[in-house]
Amino acid sequence: MGNRRQFIGSALGGAIAALLPNVGIANSVPSTYPDTIRPKRLKKGDTIGLIAPGYAIAPSILEEAKKTLKSMGFKPFHTDRIIGNYGYLSNTDEERAKDLNEMFANPDIDGVLCARGGYGCTRIMQMIDYETIKKNGKTFIGFSDITALLNGIYQETGLVTFHGPVGSTLNDPYSIRQLEKVVMFPRAPLAIQNVELLNPELRTNPEFERYTITEGIATGKLVGGSLTLINALIGTPHEIDFTDALVCIEDVEEAPYRMDRMLTQLIEGKTFKKAAGILIGVCAGCNASTNPKSFSLKEVILDRIRPLGIPAVYGMSFGHVENNFTFPIGITGKMDAAKMNLQLLEKAVI
């Protein structure tokens, strides 16, 4: 858990939604999602709001993120709330929620990029003004612990959100190119292409191995993200409904037995076995164990996922790794497990 927070990146407890005005509170897990809302596509010259809804971000990393956005033709913007620390968080729950809400309410902001991940996002989910977000749909991008916000916002509003690089990892050509294809230059269908593994060390690293778990072709809406955060939402108003969905999963620095435990929890849940397909990204650092008798990561995944009989693959180019493709939460995709490919069947932006 700690290494995830170091890689990318809420401690007043018991904060209540009443502290923020006009905040919508979720009462139950939606059995069906609202009508889909597609945000406007991003274009050069747009203003991108940077927020840190979880862990604090180092000033040097924030500056690098701003530099990258400028190189892409965007104008970065952030408030003072993103600067500093509140314990291990970037700010109090109330201030982090306000930052998110105001970015969507501000007509001068065209898109919102999480500067980093890290713990804290689940603490503010009942403090988010979902009604304002619904009325002012914008591209919202991030991954890791941002998984909670990506799926929660989509559930509450129908707004398509984007599992893609955070500001601290938006620094390699593949990730930038894949993000631009989805949020700036949309087309349908759009093939999401895995990165070519040129580094010999990666090609021989079992965590980067690409393999089919169960063959088959499946179509469904994309949901998911970090396995740890997916599990953290179970039993909350924002538990993900996996029925007929393409479920995307990744994690970092979790021992095989912990991956086993989390996958088992999903399988024993209400809807995971009803998924249309499963796409697992690169689970970096999840093959290591101090127990010499431990199962390998691959053995755990095959043991847990294959009996479901659902089309499934491992090793797609997303996760806590250098090269990340962007996939939209709430858009219909099509996977071919035997060919290890994924297509977006709809444009994610308008």
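Residues numbered from 1 in each chain as written. Predicted model: local features only at pLDDT ≥ 70, side-chain atom pairs only at ≥ 80, totals over all residues. Heavy atoms only, no water.

## A short note on the confidence of the model for the protein
Low-pLDDT stretches of the model should not have their predicted coordinates read in fine detail. Scored by pLDDT, the protein comes out at a mean of 92, with 91% of its residues at no less than 70. Within the model, pLDDT remains below 50 along residues 5-30, and this stretch shows 77 contacts once partners closer than five positions in the same chain are excluded. (pLDDT = per-residue confidence, 0-100. Contact = heavy atoms within 4.5 Å.)

## What to know about the pattern of salt bridges
Close approach of charged atoms lets side chains of opposite charge pair. Counted according to the given criterion, the structure contains 13 salt bridges. Glu63 serves as the salt-bridge partner of Lys66, at 3.2 Å between the closest nitrogen and oxygen. Of this pair, Lys66 and Glu63 both sit in helix 2 (residues 59-71), three residues apart, roughly one helical turn. Among the residues examined, Glu63 registers a relative accessible area of 42% and is labelled partly exposed. Between Lys98 and Glu95 there is a salt bridge, with its nearest N and O atoms 3.6 Å apart. On the criterion of helical spacing, the pair formed by Lys98 and Glu95 is a turn pair, its members being three residues apart in helix 3 (residues 93-105). Judged by relative accessible area, Glu95 falls into the partly exposed class, the value being 25%. Where salt bridges share partners, they join Arg81, Glu95, Lys98, Asp99 and Glu102 into one cluster. (Salt bridge = Lys/Arg side-chain N within 4 Å of Asp/Glu carboxyl O. Helix = DSSP H or I, 4+ residues; strand = E, 2+ residues; numbered from the N terminus. Buried < 20%, exposed > 50% of the residue type's maximum accessible area, 1.4 Å probe, protein only.)

## Focus: unusual backbone geometry
In the segment running from Ala188 into Pro189, the intervening peptide bond is cis, with an omega of -5°. Within the secondary structure, Pro189 sits in the loop between helix 6 (173-183) and strand 6 (190-192). Here Asp244, not a glycine, exhibits a phi torsion of approximately 60°, which is positive. Within the element layout of this structure, Asp244 appears in the loop between helix 8 (227-232) and strand 9 (245-250). Within the chain, Met340 stands out as a residue other than glycine whose phi angle is a positive 55°. Here Met340 shows up in the loop between strand 13 (332-336) and strand 14 (341-344).

## Considerations on the sheet that holds strand 1 (residues 47-51)
If you walk across this open sheet you meet the six strands as 2-1-3-4-5-12, and the pairing is mixed. Across the chains shown, the open sheet's two edge strands, defined by having one partner strand only, are strand 2 (75-77) and strand 12 (327-329). When strand polarity is set aside, the average angle formed by the axes of neighbouring strands in this sheet is 30°. Note: strand 4 (residues 139-142) against strand 5 (residues 161-163), two bridges, orientation parallel. The partner of Ile141 across the bridge, within strand 5, is Phe162. Along the sheet face, helix 5 (residues 147-157) touches strand 4, strand 5 and strand 12 and points at about 150° away from the line of strand 5. (Pairing = 2+ DSSP bridges. Axes fitted to C-alpha atoms, helices over the stretch in contact; angles between N-to-C directions.)

## As for the side chain of Asp336
Among the structural elements, Asp336 can be located in strand 13. Within the structure, the side chain of Asp336 is placed 3.2 Å from the backbone nitrogen of Ala338, a separation counted as a polar contact. (Polar contact = N/O pair within 3.5 Å; in protein donor to acceptor, adjacent residues only side chain to side chain.)

## Some remarks on the packing of aromatic side chains
In the structure shown here, the tally under the stated rule is nine aromatic pairs. Ring geometry for Phe242 versus Phe272: centroids 5.4 Å apart, planes at 90°, classification edge-to-face. Highlighted residues: Phe242 in the loop between helix 8 and strand 9 and Phe272 in the loop between helix 9 (256-267) and strand 10 (277-282), separated in sequence by 30 residues. Accessibility expressed as a relative area gives 1% for Phe272, which makes it buried. (Phe/Tyr/Trp six-rings, centres within 6.5 Å; stacked < 30°, edge-to-face > 60°.)

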